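Summary of structural features
Chain by chain, the residues run as shown.
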Amino acid sequence: MSKVSIVFWSGTGNTAAMAEMIAQGVSEAGGEAVLIPVGEANVEELKKEKAFALGCPSMGAEQLEEMEMEPFMCELEGGIAGKQIALFGSYGWGNQEWMRDWEGRVASAGATVVNGEGITVNGAPDSDTQEQCKSVGKALAQLA
């Protein structure tokens with residue numbers, strides 16, 4: 001059975017809900033989903049995986065959360081070349097620039113963003129976002 005880590009930071013619960021939907025997709029595809037709040041994630045263990053998901057909402061001036069997710073990404077990005085990574089997160093304002101920046105950062109580090117772009121939603125996940133999350137979870141289970 002393929003194990004898929006879903007590492008996330010969530011302030012309001014919207015990104016956590018997206019993580020749970022991705023985990024549901026992994027499970028539906030026969031994989032084992034492991035939900036990990038970023039503060040509990042182990043970079044060295046994650047670097048051993050072929051495919052995983054990272055989630056963070058837009059914060060401040062459209063950026064990753066600065067206290068946990070940004071330091072985690074700084075530590076992780078040197079070891080993600082060749083990985084398949086799904087990105088996801090919610091936002092409450094702006095034009096999703098934080099996700100485009102994150103996609104570019106992951107690609108520059110040599111990884112592939114699953115489905116070519118991250119999954120974003122303004123506020124709580126709607127039915128379309130739920131389906132996107134489940135679909136990317138199923139894809140990760142096949143890639144892991």
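Computed from a predicted model, the values in this text were never measured in an experiment. (Residues numbered from 1 in each chain as written. Predicted model: local features only at pLDDT ≥ 70, side-chain atom pairs only at ≥ 80, totals over all residues. Heavy atoms only, no water.)

When helices and strands are tallied, the chain shows 5 helices and 6 strands. The N-to-C order of helical and strand elements in the chain reads β-α-β-α-β-α-β-α-β-β-α. For the chain, the C-alpha radius of gyration of 13 Å lies close to 15 Å, the compact-globule estimate for 144 residues. The principal-axis extent of the C-alpha atoms belonging to the chain is close to 40 × 35 × 25 Å. Residue burial in the chain is summarised as follows: out of 144 residues, 48% are buried. With an accessible surface of roughly 6500 Å², the chain has 46% of that area assigned to carbon and sulfur atoms. Positive and negative side-chain charges of the chain, numbering 9 and 21 respectively, have mean locations separated by a distance of 9 Å. (Helix = DSSP H or I, 4+ residues; strand = E, 2+ residues; numbered from the N terminus. Rg over C-alpha atoms; globule rule 2.2 N^0.38 Å. Buried < 20%, exposed > 50% of the residue type's maximum accessible area, 1.4 Å probe, protein only. Areas by Shrake-Rupley, 256 points an atom, 1.4 Å probe, with all protein chains shown as cover. Lys, Arg positive; Asp, Glu negative; His and termini not counted. Charge placed at Lys NZ, Arg CZ, Asp CG, Glu CD.)

This part takes up the packing of helix α3 (residues 69-76) against helix α4 (residues 97-108). Between α3 and α4, whose axes approach to 11 Å, the crossing angle comes to 20 degrees. Relative to α4, the element α3 is oriented roughly parallel. Read as a crossing pair, α3 and α4 show a hand that is left-handed. Across from E70, M73 and C74 in α3, the residues of α4 making contact are W102, R105 and V106. When the residues that make up the contact of α3 with α4 are grouped by side-chain class, the tally is 4 nonpolar, no polar and 2 charged. (Axes fitted to C-alpha atoms, helices over the stretch in contact; angles between N-to-C directions. Parallel < 35°, antiparallel > 145°, perpendicular 65-115°, else oblique. Left-handed = near helix turned anticlockwise from the far one by under 90°. Contact = heavy atoms within 4.5 Å. Nonpolar A, V, L, I, M, F, W, Y, C, P; charged D, E, K, R; others polar.)

Close contact between helix α1 (residues 14-28) and helix α5 (residues 127-143) brings their axes to 6 Å; oriented N to C, the two are set at 45 degrees. In terms of their interaxial angle, α1 and α5 are classed as oblique. Here the hand of the crossing between α1 and α5 comes out right-handed. Together, M18, M21, I22, Q24, G25, V26 and E28 of α1 and T129, Q130, C133, K134, V136, G137, K138, L140 and A141 of α5 make up the contact between the two elements.

Treat this as a map of the structure, not an account of what it does.
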